[in-house]
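# Secondary and tertiary structure notes
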Protein chains: 4
Amino acid sequence: MITKRITISEERDVTLTAYLFEGGWEFPNILKRPAVLILPGGGYQYCSDREADPVAFAYLKAGYQAIILRYSVNDNAVWPNQLNDYEQAMELIKEHADEWNIFTDKIVVVGFSAGGHLAACAATMAKNRPVAAVLGYPVIKGDCAKSYCPTAPDVIEAVDRNTCPCFVFATRTDNVVPIQNTLDMMQALNRYDIAFESHIYGYGSHGSSIATSEVRAQGVEICSRIPQWVDNSIEWLKDMIGDFDKKAMSQPVCNRYANPNRAPYLSVDCTIGYLMELEESASVLRPVLDSIWSPMSYEDMAGNIDNMKLKEILGYSGRDEDIVRLDQKLCLIPNSKVN
Amino acid sequence: MITKRITISEERDVTLTAYLFEGGWEFPNILKRPAVLILPGGGYQYCSDREADPVAFAYLKAGYQAIILRYSVNDNAVWPNQLNDYEQAMELIKEHADEWNIFTDKIVVVGFSAGGHLAACAATMAKNRPVAAVLGYPVIKGDCAKSYCPTAPDVIEAVDRNTCPCFVFATRTDNVVPIQNTLDMMQALNRYDIAFESHIYGYGSHGSSIATSEVRAQGVEICSRIPQWVDNSIEWLKDMIGDFDKKAMSQPVCNRYANPNRAPYLSVDCTIGYLMELEESASVLRPVLDSIWSPMSYEDMAGNIDNMKLKEILGYSGRDEDIVRLDQKLCLIPNSKVN
Amino acid sequence: MITKRITISEERDVTLTAYLFEGGWEFPNILKRPAVLILPGGGYQYCSDREADPVAFAYLKAGYQAIILRYSVNDNAVWPNQLNDYEQAMELIKEHADEWNIFTDKIVVVGFSAGGHLAACAATMAKNRPVAAVLGYPVIKGDCAKSYCPTAPDVIEAVDRNTCPCFVFATRTDNVVPIQNTLDMMQALNRYDIAFESHIYGYGSHGSSIATSEVRAQGVEICSRIPQWVDNSIEWLKDMIGDFDKKAMSQPVCNRYANPNRAPYLSVDCTIGYLMELEESASVLRPVLDSIWSPMSYEDMAGNIDNMKLKEILGYSGRDEDIVRLDQKLCLIPNSKVN
Amino acid sequence: MITKRITISEERDVTLTAYLFEGGWEFPNILKRPAVLILPGGGYQYCSDREADPVAFAYLKAGYQAIILRYSVNDNAVWPNQLNDYEQAMELIKEHADEWNIFTDKIVVVGFSAGGHLAACAATMAKNRPVAAVLGYPVIKGDCAKSYCPTAPDVIEAVDRNTCPCFVFATRTDNVVPIQNTLDMMQALNRYDIAFESHIYGYGSHGSSIATSEVRAQGVEICSRIPQWVDNSIEWLKDMIGDFDKKAMSQPVCNRYANPNRAPYLSVDCTIGYLMELEESASVLRPVLDSIWSPMSYEDMAGNIDNMKLKEILGYSGRDEDIVRLDQKLCLIPNSKVN
């Protein structure tokens, strides 16, 4: 492993520290690697070492290149300095991607507390979007963010269809950053059907980082489940961005959106509830559905099946032959609810 | 182990099946056990065997007595039949508590899908409240509940300070019961400061039950984290209701409420933000806080510390001697925001 | 689940207790199940309840039918009473296999301490062999066995090519049954190339059973790894006997023997070291090997590759086309070392 | 983290690479750390990168300083070059212990395959002994070792009372280094009552290293349990050398020896079987034991209790008051079986 240190701003003491595994002939299938860009917490007053190297070690172990951004804090924590630091970091990583053996489309941002706020801003507002974000007990809401940095933006209102998938964890009894931040983030992600996984643990201090005994020795109380977030986030990332495989990285098994209800054109992958809300598609489907459930009608079934994809319904009903035929028709219908 | 089967209603085919470990001289410290009352799912149309015995086995393994309630379904699923079935089940368990070796104050309800709706109703509305509820991909919201049983109530509006602690899990891509149900439940629990733990897994079919290969063989797709809920719920229950220990059950390590902000009188365990909002307590605290942070004032610190308990703040500031003195004063002040 | 209790010998108080999951229409692919026959410990003086029901619950949870044999103990512990009890239990299970939904070729024996001795005897001596044995801190050696039952046999000398695969665990500091028992069993299994997995944990009391807090509350001290044996044994059994799959049980992924060095005829799956020891096969192989490694010879490579299968060596050397040709020749050569 | 690279021998290309976490004010209780000295495998022909950095990351994550020794290989693999390299590495680490924040009495050696041979030699033969050794699919036996390095020594015959505690893992189907190596090592460790933990997994290729998907992508087949060794070794090390705690490192909970049967003087911590074998102690104990078990004698009980400590027996028998009295007598008796 080699270490690269780059000063992004001498004046604001902003630095990038890259821990880079070199691979070699014994790793013939791994020409490039995904990377994590780590944003430690510290209430925008400092960048905590507890959420820097230990986090890097966890992802290095999993095969990631690990890069720590120590962004603008304290007097320099004037928005958008922090976000600009992030953008510069991403641009530097992309510039060095060949030299550093990094897939530019597999850069994950991992942030904690105030660094979680910055990570969530990266996920929702940045020009250089990460492929996914891991948010540890993050600051999300405007009022909470402003208590640490008066100019910091609210994340909730920035969530939209372009937000990257998020893994979020927190502890219910966090007395520094209330979990209302995490709960509202989940609501916003779900509103836009953005892939996420979340774990809210029963109790534990703020700032548990990777929750090893080394970190806990500093007085962090945790419940037994908290250390799971590390491996869980690594497994979730495999689902979202693929994993090392015999020949190359495997394909992701999970999409950003649960269904294409917001795609420009309709399809059999839209949910039946959505398709039946639109007049054009409903008129195509009604005869088929009526024949499936006769003498009951779609309206009798609706409550139980509205969130299933049309394709699933047809499959369960033994109408596989209708799937292709209907998809061809639906593909021609613009999704009028999407602007 | 012995099995007891009791018919609660022959007409509505409501039955209680109790799997009871008998203990014996080799378990001298375990005179009684906690119990789970299992409410299988099935859309209020049937009681799924996939969420009955396998769930019982998981909690039996952990030392619980396991009791399955097959409640009113299909034509008999007319509210409040199901809740009445639950109340009768709880009363039967309490009646037999000595014979069945069960702690009457450690009965946990575990429900899935529609059974999760019933469990959540038990947690919020029942006369016989469980000590805690485990809710698997539960139906919570009124509109969702009514699609399975038109007379079923909304759970969200029933959540209040008397709701029992809840462990909730679901999968983001559930296409039968949308996770909006789970998200709204978490918001409601947090609004009333009720202890909870939640896990929303990245993807997986509805109805994963305990997610063993036996259950998955029926076509359930899951992500790798889902099976964790079983052991996680058992560990969380140890935190909430205690664990088997050398002499007896240990004390719980986690309270229902994170702080006593809603208790009838104030105390040093209230959060500083709450105490400073009330004029009577603010006037007591202001001189102390001003002397701690001088020349800064409480207002300068507020954003970062409002959710910490006064006791913690005094401890961090080396003012341990003030804790007792201030508590004596605060204990005399009625909590005017609580009716 | 239903419970069946059968008295095998009223005089010697030998009983069979079967906990049987009934399945039903929701388990369409699971017409039959594997089973565990549980043999509790107790120094041949009694059958411990701590190693009966809790163990049954663990395997029931995994989809096994669980059957407990309470065999001859105390004054009735006169060999071969215990083994006869076992044989009768197996015959009863096979007789009821259709009624009880059990695969007769997937019955696993699980024994602890003295019950581990009985399980190991089943694995090595019984007429009705189990498909695999799970041995928890077992009594194995003759002298140790005789201290509990003077007529009990030594297991080590009974191990042979027909011994079933074994999963063995124990704790190094066991002060009741020394781990020398387990170590010698592993040596014997390896001598005959019988599939096994073993875990010797750093420290822990004798009699940890499934090591839940319920069991530990009786004064059992364990190290943190001991509870792993339960899930590890279940995963190992999946490797050895198959797992529940979408249509039926999957095929095992692990063979009883690492290689066919002791089969009646030779093949390319024999290890190269073994084939080169036998004159007939060595003369077939030498020209091929010499051409591969020229100017080095087989003897130069031997130390590093002797345990690899000939097929592997040819594959690594790009001689795939030789595999079929050589296998045809080797298949005609009787394995002269095997009687 | 900083990296230090030291060339031990330019001629033989022997290097030390130290990855050192710097700590800082946020780790006030962790002034020094334990360290792992990693010895990669490679058949004494090369030092595998697959068993270098990835292993370092795993232990760095756990709070260890991680140091990789690339020792003499290929033409330079002439014994005792490799052991000398190790000794120099240890001396360098001790010299830099203050600068590198390392406890000199908490240096663990971690070796794989041929590196496992070198680690086992360190554990048994070195001047600078490690506090514990983690041995992954190690080469142990003389014949196996000599196939990789004709001058390499046998480890088995070097095991004695001064051997350090060992954690050993391997896979049964390893076709490069037969598990007979591991089995014999366990026998030797047990013969001298040296603390160990061992895991032999059901199947898997040689060279699984930390068994992440990164490593497996190179064609390594493993069973599901293999990745456990990493965390298990870390937990075992906590038991053997202590863990990070609120004020400093905690005390170990496990001793090197299960009992002091080989100490210079006797005590109540010796096993009863051992004490009754020696005439001097037997004559002290006999009256007490006879009074406990009357009308039965020690001989009637011996088989079941010989491995228990006298202190345990007296405790179970309610003779706590005899413990101190007998210990005072036993402490005066030289352990005549020990030279």
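Parameters and conventions
- Residues numbered from 1 in each chain as written.
- Chains lettered and ligands numbered in written order.
- Predicted model: local features only at pLDDT ≥ 70, side-chain atom pairs only at ≥ 80, totals over all residues.
- Heavy atoms only, no water.
- Least-squares fit on C-alpha atoms with pLDDT ≥ 70 in both.
- Contact = heavy atoms within 4.5 Å.
- Domains from an automatic or database assignment.
- Helix = DSSP H or I, 4+ residues; strand = E, 2+ residues; numbered from the N terminus.
- Polar contact = N/O pair within 3.5 Å; in protein donor to acceptor, adjacent residues only side chain to side chain.
- Buried area = accessible area lost by both parts, 1.4 Å probe.
- Salt bridge = Lys/Arg side-chain N within 4 Å of Asp/Glu carboxyl O.
- Buried < 20%, exposed > 50% of the residue type's maximum accessible area, 1.4 Å probe, protein only.
- Axes fitted to C-alpha atoms, helices over the stretch in contact; angles between N-to-C directions.
- Parallel < 35°, antiparallel > 145°, perpendicular 65-115°, else oblique.
- Left-handed = near helix turned anticlockwise from the far one by under 90°.
- Nonpolar A, V, L, I, M, F, W, Y, C, P; charged D, E, K, R; others polar.

### A word on the relation of the copies chain A and chain B
- Of the transformation superimposing chain A on chain B, the axial component is 0.0 Å and the angular component is 180°, with the fit at an RMSD of 0.1 Å. Such a combination of rotation and displacement between the chain copies is what one expects of a two-fold axis. Scanning chain A for the C-alpha nearest the rotation axis identifies His-199 of chain A, at a separation of 2.3 Å.
- A share of 100% of the interface residues of chain A reappears at the interface of chain B, consistent with the copies meeting face to face through the same patch.

### A word on the domain arrangement of chain A
- Taken domain by domain, chain A consists of domain 1 (2-241) and domain 2 (272-330).
- Placing the centre of domain 1 of chain A and that of domain 2 of chain A at their C-alpha centroids yields a distance of 42 Å.

### Overview of the environment of Val-176 of chain A
- Inspection of the secondary structure assignment puts Val-176 of chain A in the loop between strand 7 (166-171) and helix 5 (180-191).
- Here the alpha-carbon distance between Val-176 of chain A and Val-73 of chain A, two residues 103 residues apart in the chain, equals 18 Å.

### Some details on the side chain of Asn-181 of chain A
All names here are of chain A.
- Its place among the elements puts Asn-181 in helix 5.
- A distance of 2.9 Å separates a polar atom in the side chain of Asn-181 from the backbone nitrogen of Ile-140.
- Among the polar contacts listed, one links the side chain of Asn-181 to the backbone nitrogen of Lys-141, at a separation of 2.8 Å.
- Contact partners of Asn-181, with chain neighbours within four places excluded, come to Pro-138, Val-139, Ile-140, Lys-141 and Cys-144.

### Section: the relation of the copies chain C and chain B
- For the pair chain C and chain B, the best superposition has an RMSD of 0.1 Å and corresponds to a rotation of 180° with a translation of 0.0 Å parallel to the axis.
- Comparing interface residues between copies, 100% of those in chain C also sit at the interface in chain B, which points to an isologous, same-surface contact.

### Overview of the interface of chain A and chain B
- Residue-level contacts link 44 residues of chain A with 44 residues of chain B.
- Taken together, the two surfaces of chain A and chain B that pack against each other cover about 3,600 Å², and 45% of this comes from carbon and sulfur.
- Contact with chain B buries area across many residues of chain A, yet Arg-172, Asn-175 and Arg-225 of chain A alone supply 19% of it, more than any other trio.
- Linking chain A with chain B are 6 salt bridges.

### Details of the pattern of salt bridges
- Under the definition given, this model contains 72 salt bridges over all chains.
- When the shortest N-O distance is used, the salt bridge between Lys-311 of chain A and Asp-269 of chain A registers 2.9 Å. Of the two residues, Lys-311 of chain A is situated in helix 11 (residues 310-316) and Asp-269 of chain A in the loop between helix 7 (228-241) and helix 8 (272-277); the sequence distance between them amounts to 42 residues.
- Lys-311 of chain A gets classed as partly exposed once you look at its relative accessible area, which sits at 36%.
- The structure contains a network of salt bridges with shared partners spanning Glu-197 and Asp-239 of chain A together with Arg-225 of chain B.

### As for the packing of helix 2 (residues 81-95) of chain C against helix 4 (residues 114-125) of chain C
All names here are of chain C.
- Taken N-terminus to C-terminus, the directions of helix 2 and helix 4 make an angle of 70°; their axes are 10 Å apart at the nearest point. One finds that helix 2 runs roughly perpendicular with respect to helix 4. Considering the relative orientation of helix 2 and helix 4, their crossing is right-handed. Seen from helix 2, the contacting residues are Gln-82, Leu-83 and Tyr-86; seen from helix 4, they are Leu-118, Cys-121, Ala-122 and Met-125.
- Looking at the contact of helix 2 with helix 4, its residues break down into 6 nonpolar, 1 polar and no charged.

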